[in-house]
Protein chains: 2
Amino acid sequence: MPTPRFVRADEGMWLFNNLPTKLLKERYGFEPTKDWADHLMKSCVRFNVGGSASFISSSGLVLTNHHVGSDTLYKLSTPERNIMEVGFLAQSPEQELKAPDLELNQLVAIKDVTAEVKGAVTDSLTTEQAVAARRAVIARIEKSALDETGLKSTVTTLYGGGRYHLYQYRKFTDVRLVWAPETAIAFFGGDADNFEYPRYCLDACIFRVYENDKPAKIEHFLKWSENGPQENDVAFVSGNPGRTSRIFTMDAIKYQRDRFLPYVMTQLRRQEILLQQYGLRGKEQARRARDDLFGVQNSRKARLGMLAGLQDPQVLADKAAAEKALLDAINASPKLKPLASAWQSISETTVKRAELLGAGVAVHSQLFNIALELVQMAEEDQKPSEERLPQFADAGRESLLQQLYSEAPIYSDLEQVILTDSIAKTLEQRGFDDPLCQDILAGKSPAERAAELIDGTGLLSVEVRKKVAAGGIEAINSSHDPLIQLAKIINPEVRRIRTITDQLDEQDKQAYAKIAEARFAVEGTSSYPDATFTLRLAFGPVVGYEQDGRQIPAWTDIGGAFEHEQQHQGQADYVLPASWKKAESKLKKSTPFNFVSTADIIGGNSGSPVVNRAGELIGLIFDGNIQSLSGNYIYSDKQARSVSVHSSAIREALQVVYGADNIVRELGKPGQ
Amino acid sequence: MPTPRFVRADEGMWLFNNLPTKLLKERYGFEPTKDWADHLMKSCVRFNVGGSASFISSSGLVLTNHHVGSDTLYKLSTPERNIMEVGFLAQSPEQELKAPDLELNQLVAIKDVTAEVKGAVTDSLTTEQAVAARRAVIARIEKSALDETGLKSTVTTLYGGGRYHLYQYRKFTDVRLVWAPETAIAFFGGDADNFEYPRYCLDACIFRVYENDKPAKIEHFLKWSENGPQENDVAFVSGNPGRTSRIFTMDAIKYQRDRFLPYVMTQLRRQEILLQQYGLRGKEQARRARDDLFGVQNSRKARLGMLAGLQDPQVLADKAAAEKALLDAINASPKLKPLASAWQSISETTVKRAELLGAGVAVHSQLFNIALELVQMAEEDQKPSEERLPQFADAGRESLLQQLYSEAPIYSDLEQVILTDSIAKTLEQRGFDDPLCQDILAGKSPAERAAELIDGTGLLSVEVRKKVAAGGIEAINSSHDPLIQLAKIINPEVRRIRTITDQLDEQDKQAYAKIAEARFAVEGTSSYPDATFTLRLAFGPVVGYEQDGRQIPAWTDIGGAFEHEQQHQGQADYVLPASWKKAESKLKKSTPFNFVSTADIIGGNSGSPVVNRAGELIGLIFDGNIQSLSGNYIYSDKQARSVSVHSSAIREALQVVYGADNIVRELGKPGQ
C-alpha cells in the first residue's frame, strides 16, 4: 500500500473500514489493532443536528460541544430560565431535561455496496433515468437493511460517486441534558475569537442517552486520560467531518470562488443583519434570535475563511499543480485517458449551477418549512417508497417525523420577521413582476402577507400537524390553512428546481466516479474520500505554529482565560461568568485549557473526542483556526490547526467551578 | 397658479425662489413675505458632509444634529478623549475645537441659468458631445460667477434636467465645536429606535463659524420661540433634502426596486458586518469604526424602508396611476405627444444601468481614494478647466483641496481591513481571473496585498500629498508610492465606467427635461422639483398618526426618556448617560422632547431648523419615521412623519444637564 501521492503530512479523514495502518506505523510507530479501532468507532456518537460526540460512561453519558448541544439548550430555554445564559446541572438523573427532538447515532457497522449501486445505474440510462435508478436502489438497500437489523441504515456516497457504503447505526431518540456551562465561558471571546487561536473556551456539555426510560447501557465508552497529551504527542480525532470539496476540479473550484461562495456570503450577511435587528427589539427577542444568530455568524466566518483561501494565488497554484499532475498521469495512460472527459462534464454543470443561483424561491421559516414538508410528504406517499424523494422513503420516516412533530418552541414574531424577509428576497431575486411572486404576495406587501400567514396558520400546534399528516393528500387538498395553501403555490417551482439540481448532482456523481477511478489507478485505493458527515479518523501531533512572525504555542491554560478577560477591558464577549470569578482562587491556573494539533478536521467534527494511543480521552475538538478553513479545498499543516478543549480543563471545571461531583464520580478516575 | 394636480396635502420641497404662496395662504392663511423668506433662507447653513443647520446667534453659533456633526466629533476624538462618547462643552471661545475639514455654506442668491445651459446643449449633439458641452457651459457659469462675486457658485440641475439654477453661497471653512452631548442621549435607542417613533433623542450639537480667527458676524439668525409649537400648528422646515426620485418613471422605479436597491443593500450589509467585525477587535477599534458604522446602519435602514415601500403593491399602484394620468394628458395633446418618447429613453438607460451594477472596480479606502484623486487631478489639470471632470474644475478647487489636505486621522489598521475587503469584492464582482484583478493582486492574496499597500504608502502624511499634488503629472508618473501605482492601474477602468454613466446621466437629463416640460404644460410651473441637496422649504402641521390600531401622539417629553430606559432593562443603546441621571431630579420632566409633523423631508434635511409663522425656532429635524422613507418615490401624509427635537428640550438640557450658561446667554431669551 503506497503512501498516496497527493496526501501531505497529516492530511486525511480516514474511513474506519480503510484505516492507513501502514502510514501510521511508518510515521508514528503505531499500529491500531482491530479492537482499538472498533472500540473507538463504537464509542463515537453523531448528533444529527450537525456535530460529533462520544460516550464517556457505561450509563450513557455523552460528551459534546456546548455549540453542538446549543440547539437543544436553546429549545429547552424559556424567558424565565435561559439555559444558554446561565448553564445547567442535573444533580441526579431525575433532574435531567429531555431534549425535544434530538437524535443520536452510534455507528456499529459499515458495508461496501458499491457493486449493487453501480450495477443499477448503467451507462445506457439518461440522466433522468439514472437519478431514478440510483434513488431506487439506495432506497431498497436501506429498507432491507433496516428490516433485517432494526438499525438505522444509510447509503453514503464516497469519493463523489466512486464508492457507496452502507452505514448502520444504533439510534437514540431519548436524550437528556445533564450539564452545560454558561455561554460566556463556552464561547468566551464570542464571534471575535471564533476560528482564532489562542483560545480559552469550555466549549463542552454533557447529555445522557436513555432507552425505555432508563439510562442506556453502553459497552463502548472512552476513559479519561490522566494528564492529556504532551507536546508533539500524536492525537487521534474520531468524528464526523461534514463536507470537504478536495476532489473538486479547478472549474468546480472557480465556480465556488467566483459565484457560489460570494452568493452564500451575501445570504448569510443578510440573515445576520436580520437576526441582529430582531434581537434589538428587546432582551427576550435577543434570546430567541441567539441560536440562529450564532449559527449564521459561525457560517459567515467559516465561509469567509474558505473564500479567502480560494482568493490566495498560492493556494490556487497548489491546487492547480495537483490537478495537472493527476491529468498528466491520466493522459499518459491509454487506459485511463477516456476518464479525462469527466473534467468537461463538471465544467458544464458549474455553468448550469451558476444560472440557478438565486433562481429559486427563497421563502422560508420554520412553519412554512413544515407546511411544505407536509404538502410534499402527502404527494410522495402516493408513490412506492423507492420512487419518492429520498427524505420521504420508508427507511427514514421515523427520523423525519421526530423533527416534524417536535414540541420545540417556535416564536411567531420571529417567524413573521423571517417570512417577511424571505418573501422580499424572493421578489428581489425573481423580480417583483414575476407571476409566482405575485401569487405569493396576493396583493399585499411582504410584511402584511407574512403577518396574515403566521396569524392564520394552525401549524404551531403539533396536534394539527399530526392531523394534517394523517389525512394524507385529501387533507392537503382541502386545507384552508394559509401556510399550506402558500406551500402548494410554491411547491411546483421548488420541485422543478429540485429536479434540475438532482440531475446536475447525478451528472457530477458520474464524473467524479470517473475521477475516483483514475485516482485509484494512479494513487492506489489507500486514499481517503472527501468528508460526508460520516465517521472518520484523523490524526496529527499536538504542535504550535508561526503566525505574523510570532510563535503560537500549542497550549493555553486556565489562568490565561482570566488574563484574556483583563486584556479586553470588559468588552461584550470577554466577561467571564460569575461562577468562574467566584471559583478563581480555587482553580488550578496551570491546568491546560485549549490546545491545537495538525489533525485534519472540518465543520461537523465539532464535539469529536481526541484520544491518545491508548484510546483514552485527551480532548474535545471544538474549532479549527482561520488558516484551517481553506482545508475545505486543500489541506495544509503549515498553519492550519484543529482546536480542542483539554480533557483536564473539563474535569477541573466540573469539579471546582460547577461542583458536579456526581458527574466526576461517574467518569471514574483518570488514567484508570 | 393652480394647485399642482399631483401634489397631495403637505407634499413639497419648495424652491425659495418659487414658494407656493397661494397654497400656503389657502391652506394655512399664511402669506410669507419676501423678508420672511429671505431671512429664513439666509439663516440656514448647509453642512457639506451631508446635512442642514441654522445660525442661532449674531456671533456665528450654528445648530445642527449630533449625527450631522458626528463626522467632526469623530475626527476630533482620540483614544484618550472620545468626544463621541463623553460629549463636549467649551466654556469660552478659547476652548472651542477647530474642525479639521468642515465647510459650511450659507445660501445668499439663486439665479435661473436654464436658458444659458440649454442653449449650449442643442438637439444636434451626440450624447458624448452633449456631456462635454453641458460640462463646459456649467464650468464657465460657475467660474465667472465666482470671479465676479467671490461666492461659491454651483449650478444645480432641477426637475431632472428641466431647469438649471445657479446657487451662490458664502463659505465658512473655520468651524469650531462649541457643544455636543453624549451619543448615548443624542442617539438614545440606537439603531433599533432609528427611523422609529416615539423617540427621545437630543440629536443636537452646536458649532461656531469664524472669519479671520474671530467669531463671524452673522446678520440673519433664528431667534428662539418661547414655547414651541402647539398641536396642529403649521411647522416650516428649511433645509437641504438630499435626493428624491419622485419624477422617476415606472421603469426607473422598477429598476430601483428589482436591481439597484437590492444591490445597494447587499453592499451595505457587507460593510456593516465588516465594520462590526473590525470593532470586535477591541474598544479602540470599536471607536474607530463607530462613525462609519453609524452611517452604514443608517443607510441600510433607510434603503430597506425605501425598498419595502416599492415592494408594497399599493404604493406602486398609486405611483402607476399618477404616471398614467400624466401620460394620458400628454397623449391627449398633439403638442405634448412627442414628449412621450422620454419614457422609452429612460427604459433603455435602466437596462444599461443594470448591466453596470457590480461591473466596476470596488477597490477603495480613504488612502486609496486620495491616491486616485491625486492621479486624476494631475491628469485633469493638463486640460482647461471647462473640459475637466466637474470635481476638478477651477471653481471647486478650494473645497477639493480642503478635503484632500485634511489632517483628520486615518487609521492604518482600519484602512487595511477596508482595502482587503474591497479588493476581495472586486475579485468577486469581476471574477478572479479578470486581467485587471490579476494586476491589482500582483500575485498576492487580498490581505497580503492590502498590508503591503498600506504599509508602503506615504499618503498618510498631508505634506506628502501636497508635494505630490504640486509635482503635477510628472510627480504621478515617477511616483514609487504603491497606492499611487495601484491607482494608476485602476484609473483607466474607473474612467471608462465614468464615461458610460456620464452618458447615461446625460440621456436621462434630456428625457427628464421633456417630462418636466410636459408636467409644466399639464400642471403649471408651480410644482416643486426633486430634492438636490439645495435649500428648500417644507411645511405641515404638528400632528400624530395611527399605527397598528394605536394612536401615536405628536409629542414625547423628557420624562418619557427615563421611562423608555426602564422599559428596556439596560439593553445596550437604552442607557441614559450619567449626566442625565445626575440631573434627573432637576429636569422639568414635562418639557416636550421630540415631536412629529407632516412636513415633507428626506435625508439631508437632518439638522434643518423648524420655525413657526413668526420665523422663530421651534425645533430641529433629525429623522423621518419608517413610513416616510418611501417618500423618496411618492409622498404620503397618512403615516409618514418628520421627527424633530423640540426647541425647549435643547434649552432645558443645555441649562440643567450641561450647565452651558454661556451658550444659553448667547441665545438670548426665548420669544424675544
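All values reported here derive from a predicted model rather than from experimental measurement.

A. Examining the domain arrangement of chain A more closely. All names here are of chain A. Partitioning chain A into structural domains gives domain 1 (14-100 + 176-243 + 557-621 + 643-667), domain 2 (104-172 + 360-528) and domain 3 (250-342). Each of domain 1 and domain 2 has a C-alpha centre, and these two points are 32 Å apart. Contact residues are listed per partner, giving 25 residues for domain 1 and 24 residues for domain 2. Summed over both partners, the interface of domain 1 with domain 2 comes to about 2000 Å²; 56% of that surface belongs to carbon and sulfur atoms. Broken down residue by residue, the surface that domain 1 buries against domain 2 is led by Trp14, Leu15 and Arg46, which jointly contribute 25%. Between domain 1 and domain 2 we count one salt bridge in total. In this structure, the salt-bridge partner of Glu211 is Arg170, at a minimum N-O distance of 3.0 Å. Counting across the interface, domain 1 meets domain 2 through seven residue pairs in polar contact (both at pLDDT 80 or more). Those elements that place two or more of their residues in the side of domain 1 that touches domain 2 are strand 1 (14-15), helix 2 (34-43), strand 2 (44-47), helix 3 (66-76) and strand 11 (205-211). The biggest single contributor to the side of domain 1 that touches domain 2 is strand 2, with four residues. In terms of residue class, the side of domain 1 that touches domain 2 is built from 15 nonpolar, four polar and six charged.

B. A look at the side chain of Thr591(A). All names here are of chain A. You can see Thr591 is positioned in the loop between helix 22 (578-583) and strand 18 (592-597). What makes Thr591 buried here is its relative accessible area of 6%. Among the polar contacts made by the side chain of Thr591, one reaches the main-chain carbonyl oxygen of Lys588 at a distance of 2.6 Å. Thr591 has contacts with Thr556, Asp557, Ile558, Ser648, Ala649 and Glu652, leaving out every residue within four places of it along the chain.

C. Up close: the sheet that holds strand 17 (residues 555-557) of chain B. All names here are of chain B. With antiparallel pairing, eight strands are arranged side by side in an open sheet as 1-14-13-19-20-21-18-17. Each having just a single partner strand, strand 1 (14-15) and strand 17 make up the two edges of the open sheet. Relative to strand 14 (residues 536-541), strand 1 runs antiparallel, the two being bridged by two bridges. When the sheet's bridge partners are listed, Leu15 is paired in strand 14 with Arg536.

D. Main features of unusual backbone geometry. Between Tyr197(A) and the following residue, Pro198(A), the backbone shows a cis peptide bond with an omega angle of 0°. Looking at where Pro198(A) falls in the secondary structure, it is placed in the loop between helix 8 (190-193) and strand 11. The phi dihedral of Tyr159(A) is positive, around 50°, even though this residue is not glycine. Of note in this structure, Asn212(B) is not a glycine but carries a positive phi near 50°. By the element assignment, Asn212(B) lies in the loop between strand 11 (205-211) and strand 12 (214-215). With a relative accessible area of 75%, Asn212(B) lands in the exposed category.

E. Up close: the confidence of the model for chain A. All names here are of chain A. With 99% of its residues at a pLDDT of 70 or more, chain A shows a mean pLDDT of 95. Of the regions scoring below 50 in pLDDT, residues 1-7 engages in 19 contacts with residues more than four places distant in sequence or in other chains. We note a pTM of 0.95 for the whole complex and an ipTM of 0.95 for its interfaces.

F. Highlighting the relation of the copies chain B and chain A. With an RMSD of 0.0 Å, chain B superimposes on chain A once it is rotated by 180° and translated 0.0 Å along the axis. Taken together, these values place the two copies in the relation of a two-fold axis. Comparing contact sets, 100% of the residues at the interface of chain B also lie at the interface in chain A, consistent with an isologous, same-surface contact.

What counts, and at which threshold
Residues numbered from 1 in each chain as written. Chains lettered and ligands numbered in written order. Predicted model: local features only at pLDDT ≥ 70, side-chain atom pairs only at ≥ 80, totals over all residues. Heavy atoms only, no water. Domains from an automatic or database assignment. Contact = heavy atoms within 4.5 Å. Buried area = accessible area lost by both parts, 1.4 Å probe. Salt bridge = Lys/Arg side-chain N within 4 Å of Asp/Glu carboxyl O. Polar contact = N/O pair within 3.5 Å; in protein donor to acceptor, adjacent residues only side chain to side chain. Helix = DSSP H or I, 4+ residues; strand = E, 2+ residues; numbered from the N terminus. Nonpolar A, V, L, I, M, F, W, Y, C, P; charged D, E, K, R; others polar. Buried < 20%, exposed > 50% of the residue type's maximum accessible area, 1.4 Å probe, protein only. Pairing = 2+ DSSP bridges. pLDDT = per-residue confidence, 0-100. Least-squares fit on C-alpha atoms with pLDDT ≥ 70 in both.

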